[in-house]
Amino acid sequence: MKPGILTLLATAIAATFAVPASAQQVTLRAVTAFAEGTQFSKNFERFIEKVNQDGKGVIQINYIGGPRAVPPFEVGNAVRTKVADMANVTGAFYTNLMPEADALKLIGKPMSEQRKDGTWAFINELHNKKLNSHYLARQFHNVPFHIYLNKKIDKLDFSGLKIRVTPVYRDIVQALGGTPITTPPGEVFTALERGVVDGYGWPVSGIFDLGWDKVTKFRMEPPFYAVDVGVLVNLDVWNGLNDAQRKVLNDAAVWLEALDSENVAANKSEVERQTKAGIGPIDFGPEESKRFLERARDIGWESVIKRAPDTGPKLRQLAGN
Ligand code: 173
C-alpha cells in the first residue's frame, strides 16, 4: 500500500468518528483521478468551491486531492469501498469493475438530454449496482479525443507504433495495427521522453498541463468519441444524506454540467495553442476521416457489447449511434 492511501485511510477513519450521525452538517472527502489544477480536475474544483459556499451548515467537501492520494486506476474502487466519499473520475479508469463504463465515451449527448431521456438513469443504475455509487454528474461530453503521434504516418496504419492508451483508445489502436501500452496520465511524459511510446491518446485539451507539448509532434485528425469525467458519490454515503444535503449536491451538479458550454471555445483555443507550439495535424481527408469515425464507433460498441452482453445493447440504443 502506498503512503498516500494510508494517509487517506487515516483521514477516513478520523472523519467517521468526527461526524456524529445527528450532525446537521456533513463533510465528504473527495478525490480526483487527474492531477490537481489540471484540465480534467479544474471544473470539479470549482464544483467543490460552490458546494462549500452554498452548503454552509449543511454539507461541505474536504478535497483530499489527486493521484498522490489515490492512484488513478484505483479511484473507482476507492469510492466503491468508501475509502473516498466522492470522486472525480473517468469511466475508462474503472472498466475492471464496470465494463459498461467504456460506453460512456460513445454517449456524447448533452447531460440536459440524458437526464430527460432515461440515459442518465440507466447509467446511474449501473453505477449503483457495480460501483456502489451514485452517478452525480458527468462533465466534458463535448470534448473529443485525439491520437497524438511523434512519427509521421501517411495512411491510417499504426503498424510498428507503440501507443500509450487507456481503455478509451485500446481497441481502435489495436485495430489499426498499433501496440497499445496502458499507463496513467502521470507516466505519459516520461514514456514519450524516453521513446517508450511513439504516441498517445488524450482529449483535445490538457496536453500543456503536464508539459507534453515539449514531447509531442503531431495531432492526428479527426477528433473522436466524447470525454466523460463523472462525479461519483459512494452509494451508502448518498443514501445517508438528507434532502437538504442532496439538494446542494444536485444543484451544484447541474451547474457543473452547464460549465460544458465553455468547452466549445476552449477546444478551439487548445488547437490554436498546439499549432503555435509546433504541433501540426496529420489529416487523411474527409473520406478517410469518416471511415475512421465509423470504425472507431463500431469497434467501441462491439467491445462494450462483448464484455457486457446484457446491458451493452441498451446503452447503444440510448446513445442513438
Ligand atoms: O487518456 C486518458 O487517460 C483517458 O482515458 C482520459 C479520459 C478522460 C479525460 C482525460 C483522459
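Check the entry above for the structure.
Reading the values: rules and limits
Residues numbered from 1 in each chain as written. Predicted model: local features only at pLDDT ≥ 70, side-chain atom pairs only at ≥ 80, totals over all residues. Heavy atoms only, no water. Near = heavy atom within 4 Å. Polar contact = N/O pair within 3.5 Å; in protein donor to acceptor, adjacent residues only side chain to side chain. Areas by Shrake-Rupley, 256 points an atom, 1.4 Å probe, with all protein chains shown as cover. 1 Å grid on protein atoms, 1.4 Å probe; cavity = no way out; pocket = protein on both sides within 12 Å on 5 of 7 lines; lining within 4 Å. Sits in = over half its atoms within 2 Å of the grid points. Helix = DSSP H or I, 4+ residues; strand = E, 2+ residues; numbered from the N terminus. Buried < 20%, exposed > 50% of the residue type's maximum accessible area, 1.4 Å probe, protein only. Points joined across faces, edges and corners; volume = space filled by probe spheres on them. Nonpolar A, V, L, I, M, F, W, Y, C, P; charged D, E, K, R; others polar. Phe/Tyr/Trp six-rings, centres within 6.5 Å; stacked < 30°, edge-to-face > 60°. Lys NZ or Arg CZ within 6 Å of the ring centre and 35° of its normal. Salt bridge = Lys/Arg side-chain N within 4 Å of Asp/Glu carboxyl O. Arc of directions from axis to C-beta. Contact = heavy atoms within 4.5 Å. Pairing = 2+ DSSP bridges. Axes fitted to C-alpha atoms, helices over the stretch in contact; angles between N-to-C directions.

Details of the site of the ligand
Then step 1. As a structural note, the neighbourhood of the ligand is formed by 15 residues, with Arg164, Thr166, Val168, Tyr169 and Trp202 the closest of them.
Then step 2. The side chain of Thr166 places a nitrogen or oxygen atom 2.8 Å from an oxygen atom of the ligand.
Then step 3. In this structure, Tyr169 approaches the ligand through a side-chain N or O atom, which is 2.5 Å from an oxygen atom.
Then step 4. For the ligand, whose unbound accessible area comes to 290 Å², protein coverage reaches 100%.
Then step 5. Judged by the proximity of its atoms to the pocket grid, the ligand belongs to the largest cavity.
Then step 6. Of all the elements in the fold, those that place two or more residues in the shell around the ligand are helix 6 (167-175) and strand 8 (199-203).

Structural notes on unusual backbone geometry
Then step 1. Glu221 connects to Pro222 through a cis peptide bond whose omega is 0°.
Then step 2. In this fold, Pro222 is placed in strand 9 (residues 218-224).
Then step 3. Not every positive phi belongs to a glycine, and Lys82 is a case in point at roughly 65°.
Then step 4. Within the element layout of this structure, Lys82 appears in the loop between helix 3 (75-80) and strand 3 (86-89).
Then step 5. For Lys82, a relative accessible area of 36% gives the class partly exposed.

Side note on empty space enclosed by the protein
Then step 1. Following the criterion strictly, the structure yields one cavity of 30 Å³ or more and no others.
Then step 2. Considering the residues around the largest cavity, the lining is formed by 15 residues, among which Phe34, Thr90, Phe145, Tyr169 and Trp202 are closest to the centre.
Then step 3. Looking at the lining of the largest cavity, its residues break down into 12 nonpolar, two polar and one charged.

Some thoughts on the packing of aromatic side chains
Then step 1. For the coordinates displayed, the defined rule picks out 14 aromatic pairs.
Then step 2. Taking 5.4 Å as the distance between ring centres and 85° as the angle between the ring planes, the aromatic pair formed by Phe145 and Tyr169 counts as edge-to-face. Highlighted residues: Phe145 in strand 5 (residues 145-149) and Tyr169 in helix 6, separated in sequence by 24 residues. There is no split in this pair, since Phe145 and Tyr169 are both buried.
Then step 3. Through a chain of ring-to-ring contacts, three or more aromatic side chains come together here, namely Phe34, Phe40, Phe73, Phe93, Phe140, Tyr148, Tyr200, Trp202 and Trp212.
Then step 4. The ring of Phe122 carries the charged tip of Lys314 above its face, separated from the ring centre by 4.5 Å.

Remarks on the pattern of salt bridges
Then step 1. A full pass over the atoms with the stated rule returns 21 salt bridges.
Then step 2. For Arg297, the salt bridge is made with Asp298, and the minimal N-O distance between the two is 3.1 Å.
Then step 3. Here Arg297 falls in the partly exposed class, since its relative accessible area comes to 29%.
Then step 4. Connected through shared salt-bridge partners, Asp102, Lys105, Asp171 and Arg307 make up one network.

As for helix 12 (residues 312-319)
Then step 1. Of the residues making up helix 12, those classed as buried are Gly312, Leu315, Leu318 and Ala319. On an axial view of helix 12, the arc spanned by its buried residues comes to 120°, and they lie on one face.
Then step 2. Next to the buried residues of helix 12 lie helix 5 (119-131) and helix 11 (285-307).
Then step 3. Of the residues one or two after helix 12, Gly320 is the one with positive phi, at around 70°.

Examining the sheet that holds strand 4 (residues 133-139)
Then step 1. The strand order across the open sheet built from five strands is 2-1-3-10-4, with neighbouring strands paired in mixed fashion. Two strands lie at the open edges of the sheet, namely strand 2 (59-65) and strand 4, each paired on one side alone. Across this sheet, the average inter-strand angle for adjacent strands is 25°, counted without regard to direction.
Then step 2. Where strand 4 lies against strand 10 (residues 229-234), six bridges are found, and the strand directions are antiparallel. Note on strand 10: the bridge partner recorded for Tyr135 is Leu232.
Then step 3. Those strands touched by helix 5 are strand 4 and strand 10, and its axis lies near 135° from that of strand 4.

Brief notes about the pairing of strand 10
Then step 1. Most of strand 10 sits out of view: six of its six residues are buried.
Then step 2. Along strand 10, one buried face is formed by Val229, Val231 and Val233 and the opposite face, lined by Gly230, Leu232 and Asn234, is buried too.
Then step 3. As paired elements, strand 3 and strand 10 share four bridges and run antiparallel to each other. Paired with Asn88 across the bridge in strand 10 is Val231.

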